[in-house]
Amino acid sequence: MTDRFNTIAGWALFAGIVALGLSILSGMFFHADKPQRPEKMGFPIEGVVEEGAADAGPSLAVLLASGSAAAGEAVFAKCTSCHTIDQGAANGIGPNLWGVLGKPIGKHAAGFAYSTALPAVGGDWTYEQMDHWLKSPRAFANGTKMSFAGLSSPEDRANVILFLRDHGGGPALPEAPAGDAVEAADDAAATAGEAAGDTAADAGAVASEEAAPADQAATAN
Ligand code: HEC
């Protein structure tokens, strides 16, 4: 009887240790899984408000829904000294930006010598990430080669993002109402990106509809 008790107690203890080990391991894993945000956000730059504190105005999703690519083209005049936007155009001081949205950060333009700082951010160009980048490139990737102060106006940023999106497409736009809807849109974009599975059918339809204007833009160029 005692023997059996010891065996059972031993297994219980063993199971506990395994569970603890697994939870520690998975903790490391999920932490490593979020490379988008560096642990430390570089040095503070005057006039740049910490994330979260700046959320007084309309959200990015709302600005993207109400903005216009035409207005963004005017903003893009600030970028043309360094960037081309048309498909297949040469890299300049900065990389060609055709189709940059949804692509891996700091990697998409072939033959461009990126800094080490920008690709080190990891992940893809989501609308959120692009908004942070254009607000303050140096705060987003300390050590970036893009010597551009940033666009302080949230409207300008949203409009120029729409202009980028008009040139080569991008993920599905986030839905304006905050919360679940936005998450759903993100999920749909992710699924459409993988272009697989039955459940992706709807998301895929949306994605290809949205890609259409970009294709027209391509032929126009
Ligand atoms: C003074 C030149 C300069 C100006 C002006 C400039 N950029 Fe850049 N941009 C760069 C350089 C250089 C890089 C590469 C950064 C790196 O490797 O760290 C870059 C990178 C980028 C990237 C990342 C591309 C990728 O492949 O991941 C985006 C997006 C971008 N710029 C958008 C803009 C927009 C939009 C504007 C105007 C509002 C702008 N830039 C203005 C020089 C510039």
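In short, a report on the structure. (Residues numbered from 1 in each chain as written. Predicted model: local features only at pLDDT ≥ 70, side-chain atom pairs only at ≥ 80, totals over all residues.)

This next bit is on the overall build of the chain. Secondary structure assignment for the chain yields eight helices and zero strands. In the chain, the succession of helices and strands from N to C terminus is α-α-α-α-α-α-α-α. Within the chain, residue pairs in contact and separated by at least 24 positions form 56% of the contacts whose partners lie at least 6 positions apart. (Helix = DSSP H or I, 4+ residues; strand = E, 2+ residues; numbered from the N terminus. Contact = placed C-beta atoms within 7 Å.)

This part takes up the site of the ligand. Around the ligand, a shell composed of 26 residues is seen, among which C79, C82, G94, S115 and M146 lie nearest. Looking at side-chain class alone, the shell around the ligand contains 16 nonpolar, eight polar and two charged residues. (Near = placed C-beta within 6 Å. Nonpolar A, V, L, I, M, F, W, Y, C, P; charged D, E, K, R; others polar.)

Turning to the packing of helix α3 (residues 69-76) against helix α6 (residues 154-166), a few remarks are in order. Any two packed helices are characterised by the angle at which their axes cross and by the distance between the axes. Direction vectors running N to C along α3 and α6 enclose 100°, while the axes themselves pass 7 Å from each other. Our classification of the angle between α3 and α6 gives roughly perpendicular. Contact residues: α3 offers A69, A71, G72, E73, V75 and F76, while α6 offers D156, N159, V160, L162, F163 and D166. Of the residues assigned to the contact of α3 with α6, the class counts are seven nonpolar, two polar and three charged. (Axes fitted to C-alpha atoms, helices over the stretch in contact; angles between N-to-C directions. Parallel < 35°, antiparallel > 145°, perpendicular 65-115°, else oblique.)

Let us now look at the environment of A61. Following the sequence through the fold, A61 ends up in helix α2 (residues 60-66). Along the primary structure A61 and E128 are separated by 67 residues, whereas in three dimensions their C-alpha atoms are 9.0 Å apart.

Turning to the nonpolar core, a few remarks are in order. Ranked by internal contacts, the top residues of the largest apolar core, which has 26 residues, are L60, L64, M130, A158, V160, I161 and L164. Secondary structure elements with two or more residues in this core: α2, α4 (127-135) and α6. Broken down by element, the residue count for this core peaks at six residues, all from α6. (Core = buried A, V, L, I, M, F, W, Y, C linked by C-beta atoms within 7 Å. Buried ≥ 20, exposed ≤ 12 C-beta atoms within 10 Å, placed from the backbone.)

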